[in-house]
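Coordinate inspection notes
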Amino acid sequence: MTIDFKKDKSGLVPVIVQDASTKTVLMLGYMNEEAYKKTIETKLVTFYSRSKERLWTKGEESGHTLDLVDIKVDCDNDTLLVNVHPNGPTCHTGADTCWKEDNKTTFGFLTNLESTIAQRKLEANPKESYIASLFEEGINKIAQKVGEEAVEVVIEAKDSDDNLFLNESADLLFHYLILLQQKGFELKDVVEVLERRNKK
């Protein structure tokens, strides 16, 4: 890996720090060649502090270190993407990130859909909301719907209509997310189980 530390007269390159698990961007810092070498050697992310004018290992005072996972350099060889496992909040303010965002696993649209389901469960009128009506009927009805949709997926999987198969798959996933919430869980809880299995 070639890093162009001489491209800027300061000898510094910007460093984007990202949680290796959640993919959340945690902070932006700077490294010179010495900081980079120390990071590689210690496996703890070390920056060059422009304000302190010295090397600075993240968490050297707070204990909230950043364990190095890997480093990637961009196409111009002058910006680094550092993937880490953070030990506590990253920002000096105590926030998870320097943008005051929670560092948690998200699944894009599926996370938004989970939020919609949770909101309908709490706030919607069962007479006006299909989701709310399922929650009102309880676990037996919700589990029954998951079973019905699973059967439909199996039937369509054995047919040749890909559109029907995908639509039934969407119905199954939708109702499964409702079942998870009825049981007090989220998609991330299932993913954590799969991740634990993958490590065995």
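Residues numbered from 1 in each chain as written. Predicted model: local features only at pLDDT ≥ 70, side-chain atom pairs only at ≥ 80, totals over all residues. Heavy atoms only, no water.

What to know about the overall build of the protein chain
To keep it simple, the criterion reads: Counting from the N terminus, the helices are DSSP H or I runs at least four residues long and the strands are E runs at least two residues long. Computation of the radius of gyration draws on C-alpha atoms alone. For the globule rule, the value is 2.2 Å times the number of residues to the power 0.38. Here the term buried applies to any residue with accessible area under 20% of the maximum for its type, exposed to any over 50%, and partly exposed to those in between, with areas from a 1.4 Å probe on protein chains only. Any pair of residues with heavy atoms lying within 4.5 Å of one another is described as a contacting pair. Accessibility throughout is a Shrake-Rupley quantity obtained with a 1.4 Å probe, and a residue counts as covered only by protein chains that appear here. Charged-residue counts in this description rest on Lys and Arg as positive and Asp and Glu as negative, His and the chain ends being excluded. For the purpose of locating charges, the reference atoms are NZ of Lys, CZ of Arg, CG of Asp and CD of Glu.
Counting secondary structure elements, the protein chain contains 6 helices and 6 strands. For the protein chain, the succession of helices and strands along the chain, N to C, is β-β-α-β-β-β-β-α-α-α-α-α. Computed over its C-alpha atoms, the radius of gyration of the protein chain comes to 23 Å, more than 25% above the 16 Å expected for a compact globule of 200 residues. Its C-alpha atoms give the protein chain principal-axis dimensions of roughly 65 × 40 × 35 Å. Split into buried and exposed, the 200 residues of the protein chain put 34% on the buried side. If you take every contact in the protein chain between residues at least 6 apart in sequence, the share linking residues at least 24 apart comes to 47%. Of the roughly 12700 Å² that the protein chain leaves accessible, carbon and sulfur atoms contribute 50%. For the protein chain, the distance from the average site of its 26 positive side-chain charges to the average site of its 35 negative ones is 6 Å.

As for the side chain of lysine 145
Topologically, lysine 145 is positioned in helix H4 (residues 139-157). Contact partners of lysine 145, with chain neighbours within four places excluded, come to Tyr130, Leu134 and His175.

Considering the packing of aromatic side chains
Here is the rule we go by: Working definition: a ring pair exists when centres of Phe, Tyr or Trp rings (six-membered ring for Trp) sit within 6.5 Å. Plane angles under 30 degrees give stacked, over 60 give edge-to-face, the rest tilted.
Under the definition given, this model contains 2 aromatic pairs. Between phenylalanine 5 and tyrosine 36, the aromatic rings sit 6.2 Å apart at their centres with planes inclined by 55 degrees, giving tilted as the arrangement. On the criterion of sequence distance, the pair formed by phenylalanine 5 in the segment before strand E1 (13-19) and tyrosine 36 in helix H1 (residues 33-42) is long-range, its members being 31 residues apart. You can call phenylalanine 5 buried: its relative accessible area is 10%. For tyrosine 36, a relative accessible area of 15% translates into the label buried.

Some words on the pattern of salt bridges
Just so we agree on the cut-off: Think of a salt bridge as a Lys or Arg side-chain nitrogen and an Asp or Glu carboxyl oxygen that are within 4 Å of each other.
All told, the structure shown has 7 salt bridges when counted by the stated rule. Across the salt bridge formed by arginine 54 and glutamate 60, the nearest N and O atoms sit 3.0 Å from each other. Between lysine 145 and glutamate 149 there is a salt bridge, and its shortest N-O distance comes to 3.8 Å. Placement of the pair is lysine 145 and glutamate 149 together in helix H4, with a separation of 4 residues, close to one helical turn. Across the pair, glutamate 149 and lysine 145 agree in class, each one buried.

Side note on the packing of helix H2 (residues 109-123) against helix H3 (residues 130-137)
Put simply, the rule is: To obtain each axis, a line is fitted to C-alpha atoms, and for helices this fit is confined to the stretch in contact; angles are then taken between N-to-C directions over 0 to 180 degrees. Each helix crossing is assigned a hand: it is left-handed if the near helix lies turned anticlockwise from the far helix by less than a right angle, otherwise right-handed if that turn is clockwise. Residues are grouped as follows: Ala, Val, Leu, Ile, Met, Phe, Trp, Tyr, Cys and Pro are nonpolar; Asp, Glu, Lys and Arg are charged; all remaining types, including Gly, are polar.
Direction vectors running N to C along H2 and H3 enclose 65 degrees, while the axes themselves pass 8 Å from each other. Of the two possible hands of crossing, H2 and H3 adopt the one that is right-handed. Two secondary-structure elements touch here, H2 through Ile117, Arg120 and Lys121 and H3 through Ile131, Ala132 and Phe135. Taken together, the residues that form the contact of H2 with H3 break down as 4 nonpolar, no polar and 2 charged.

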